[in-house]
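Here's the letter readout for the chains.
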Amino acid sequence: MNAVEPGTEVPIHQHPTKDETFVILRGKVRVTTHRDDGSIIEDYTLCPEEGKYGVNIPKGVWHTIEAMAPNSVIFECKEGPFVEHEEDGILNI
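Now for a quick tour of the structure. (Residues numbered from 1 in each chain as written. Predicted model: local features only at pLDDT ≥ 70, side-chain atom pairs only at ≥ 80, totals over all residues. Heavy atoms only, no water.)

Description of the overall build of the protein chain
Phase 1 of the analysis: A tally of helices and strands in the protein chain yields zero helices and seven strands.
Phase 2 of the analysis: Listing every helix and strand of the protein chain by position from the N terminus yields β-β-β-β-β-β-β.
Phase 3 of the analysis: Of all 93 residues assigned to the protein chain, the portion counted as buried reaches 34%.
Phase 4 of the analysis: For the protein chain, restricting intrachain contacts to residue pairs at least 6 apart in sequence, the fraction spanning at least 24 positions comes to 77%.
Phase 5 of the analysis: Of the roughly 5800 Å² of accessible surface on the protein chain, 53% is carried by carbon and sulfur atoms. (Helix = DSSP H or I, 4+ residues; strand = E, 2+ residues; numbered from the N terminus. Buried < 20%, exposed > 50% of the residue type's maximum accessible area, 1.4 Å probe, protein only. Contact = heavy atoms within 4.5 Å. Areas by Shrake-Rupley, 256 points an atom, 1.4 Å probe, with all protein chains shown as cover.)

Next up, the structure:
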């Protein structure tokens, strides 16, 4: 689980070998997927009050999350084991 606040910065990144799923537990977050040039492909707003609970990001897709409300909590799930992002896993635009 991750607790995020507005202003939290998660760099645009990808997981070359693993899908990643986000499920919102509280608050509101924006999840965006990106092309190699950083432009947005899709924009999802997750919010339990709006009935928008989760999104799956396929492996190799650039993505990021942004807190849209204070005290937001998401459950993040991907196949283990945990591996730190390599420099080439962060999109530098």
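Moving on, there is more to tell.
Points about the nonpolar core
Phase 1 of the analysis: Val 4, Phe 22, Ile 24, Val 29, Val 31, Leu 46, Val 55, Ile 57, Ile 65, Ala 67 and Ile 74 together form the largest nonpolar core, which totals 11 residues.
Phase 2 of the analysis: At the level of secondary structure, the elements contributing two or more residues to this core comprise strand E2 (20–26), strand E3 (29–34), strand E5 (54–57) and strand E6 (62–67).
Phase 3 of the analysis: Apart from residues no more than four positions distant in its own chain, Ile 24 is found in contact with Val 29, Leu 46, Cys 47, Pro 48, Lys 52, Tyr 53, Val 73 and Ile 74. (Core = buried A, V, L, I, M, F, W, Y, C linked by side-chain atoms within 4.5 Å.)

Side note on the pairing of E3
Phase 1 of the analysis: A large share of E3 lies buried, amounting to five of its six residues.
Phase 2 of the analysis: Taken together, the six bridges between E3 and strand E4 (residues 40–46) define a ladder with antiparallel strand orientation. The partner of His 34 across the bridge, within E4, is Ile 40.
Phase 3 of the analysis: Hairpin geometry of E3 and E4 is characterised by an intervening segment of five residues between the two adjacent antiparallel strands and by a positive phi of about 90 degrees at Gly 38. (Pairing = 2+ DSSP bridges.)

Comments concerning the sheet that holds E3
Phase 1 of the analysis: Across the sheet, three strands lie side by side as E4-E3-E6; this open sheet has antiparallel pairing. What marks the edges here is a single partner per strand, and that holds for E4 and E6. In this sheet, adjacent strand axes meet at a mean angle of 15 degrees when their direction is disregarded. (Axes fitted to C-alpha atoms, helices over the stretch in contact; angles between N-to-C directions.)

With respect to the sheet that holds E2
Phase 1 of the analysis: Spatially, the four strands line up as an open sheet ordered E1-E7-E2-E5, and their pairing is antiparallel. Each of the sheet's edge strands pairs with one partner strand only, and the pair in question is strand E1 (2–4) and E5. Each adjacent strand pair in this sheet contributes to an overall mean axis angle of 25 degrees, direction not counted.
Phase 2 of the analysis: With six bridges joining them, E2 and strand E7 (residues 72–78) adopt antiparallel strand pairing. Each residue of the ladder has a partner; that of Ile 24, found in E7, is Ile 74.

Considering a nonpolar patch on the surface
Phase 1 of the analysis: Together, Met 1, Val 23, Leu 25, Tyr 53 and Phe 75 line one region of the surface with nonpolar side chains, adding up to about 520 Å² of accessible area.
Phase 2 of the analysis: Among the secondary structure elements, Val 23 is positioned in strand E2. (Patch = residues over 30% accessible without salt bridge, like charges linked within 9 Å, V, L, I, M, F, W, Y side chains within 5 Å. Salt bridge = Lys/Arg side-chain N within 4 Å of Asp/Glu carboxyl O.)

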